[in-house]
Amino acid sequence: MQPVRRQTLIAQVTEQLRGEIASGRWPVGGRIPTETELRELTGTARNTVREAVQALVHAGMLERRQGSGTYVLSACATSTLGDYFSAARDTDLLELREALEVTAAGLAAERRDDDDVAELRRLLEERNRLWAPEQVESGAEREAIAADLAMHRGVVAASHNTIYLEFYDSLVPVLQEHLQEFPVGFATSYECAHIAVIDAVAAGDAPAARAAARELLAEVRLRER
């Protein structure tokens, strides 16, 4: 038996953290445990944890926010596909999002379970709380956008289609940057439209869920013209 090399230990911790994200235990938009908590969970030193987290920051899965913590940005490493999306036209991106989210909303209504509904209600409440101000302060805009995307991702996750979810996760970093180009606040929150999507999914009404998702994205489309 040979001593564990430092780089090997970092790689092992990185994979553990990646596993927490991939499993959904650390959802997109959520904050991961603090550095101290990660040291206790992994039984490793500060530098090991710090380098493991930084590796996932570079991979596009995590994002450090000064004074707030580290948040999950994507459930998979930024790929060539993600790079392609980042160069896409805004209209193309919105059309792709519409095709994915409308179908996923219908599937979610058919397949969601009690845990999915509870999580969607929680994500919706958090999302609407952060978008409630007339104009979200500049320092809080990114958190509000992340909460919005976390709710939309929750609907895709409730479809229980792993390929849909992985594909959507590859879009998240691009959508995060795209949404920052527009005002963040109650006037652009479309709160009622978001509530309609979650209510329809929770009710198990697939046609209503698809219609609500389509209507929500139609409002987004009007905002971006």
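That block above? That's the structure.
Residues numbered from 1 in each chain as written. Predicted model: local features only at pLDDT ≥ 70, side-chain atom pairs only at ≥ 80, totals over all residues. Heavy atoms only, no water.

Draft legend 1. Summary view of the overall build of the chain. A tally of helices and strands in the chain yields 10 helices and two strands. Across the 225 residues of the chain, 46% fall into the buried class. Within the chain, contacts between residues separated by at least 24 positions form 74% of all contacts whose residues are at least 6 apart in sequence. (Helix = DSSP H or I, 4+ residues; strand = E, 2+ residues; numbered from the N terminus. Buried < 20%, exposed > 50% of the residue type's maximum accessible area, 1.4 Å probe, protein only. Contact = heavy atoms within 4.5 Å.)

Draft legend 2. Representation of the nonpolar core within the structure. Core analysis: the biggest nonpolar cluster contains 35 residues, and Leu17, Ile21 and Tyr168 have the highest contact counts within it. For this core, the secondary-structure elements that each account for two or more residues are helix H1 (6-22), helix H3 (46-58), helix H5 (90-111), helix H7 (141-158) and helix H8 (162-179). Per-element accounting of this core gives the leading share, seven residues, to H8. Residue contributions to this core reach at least three from each of two domains, namely domain 1 (9-72) and domain 2 (81-222). Ranked by size, the runner-up nonpolar core spans 25 residues in total, among them Leu124, Met151, Ala158 and Val197. (Core = buried A, V, L, I, M, F, W, Y, C linked by side-chain atoms within 4.5 Å. Domains from an automatic or database assignment.)

Draft legend 3. Molecular detail of the pattern of salt bridges. Scanning the model with the defined rule gives 12 salt bridges in all. One salt bridge connects Arg25 with Glu20, and the closest N-O pair in it is separated by 3.1 Å. The network of salt bridges with common partners includes Glu35, Arg46 and Arg50. (Salt bridge = Lys/Arg side-chain N within 4 Å of Asp/Glu carboxyl O.)

Draft legend 4. Representation of the packing of aromatic side chains within the structure. Applying the stated criterion across every chain, the model contains zero aromatic pairs. A cation over an aromatic ring shows up here: Arg65 above the ring of Tyr71, its NZ or CZ 3.9 Å from the ring centre. One residue, Arg127, lies across the ring of Trp131, its end atom 4.7 Å from the ring centre. (Phe/Tyr/Trp six-rings, centres within 6.5 Å; stacked < 30°, edge-to-face > 60°. Lys NZ or Arg CZ within 6 Å of the ring centre and 35° of its normal.)

Draft legend 5. Representation of helix H10 (residues 206-223) within the structure. Between the first and last C-alpha of H10 there are 26 Å, a value that for 18 residues agrees with the 26 Å anticipated at 1.5 Å per step. Buried within H10 we find Ala206, Ala209, Ala212, Ala213, Leu216, Leu217, Val220 and Arg223. Angular distribution of buried residues about the axis of H10 spans 130°; they occupy a single face of the element. Residues of H10 that are exposed and angled more than 90 degrees away from the buried face: Pro207 and Leu222. Between a side-chain oxygen at the N-terminus of H10 and the backbone nitrogen of Ala208 the separation is 3.1 Å; the capping residue is Asp205. (Expected span 1.5 Å × (residues − 1). Arc of directions from axis to C-beta. Polar contact = N/O pair within 3.5 Å; in protein donor to acceptor, adjacent residues only side chain to side chain.)

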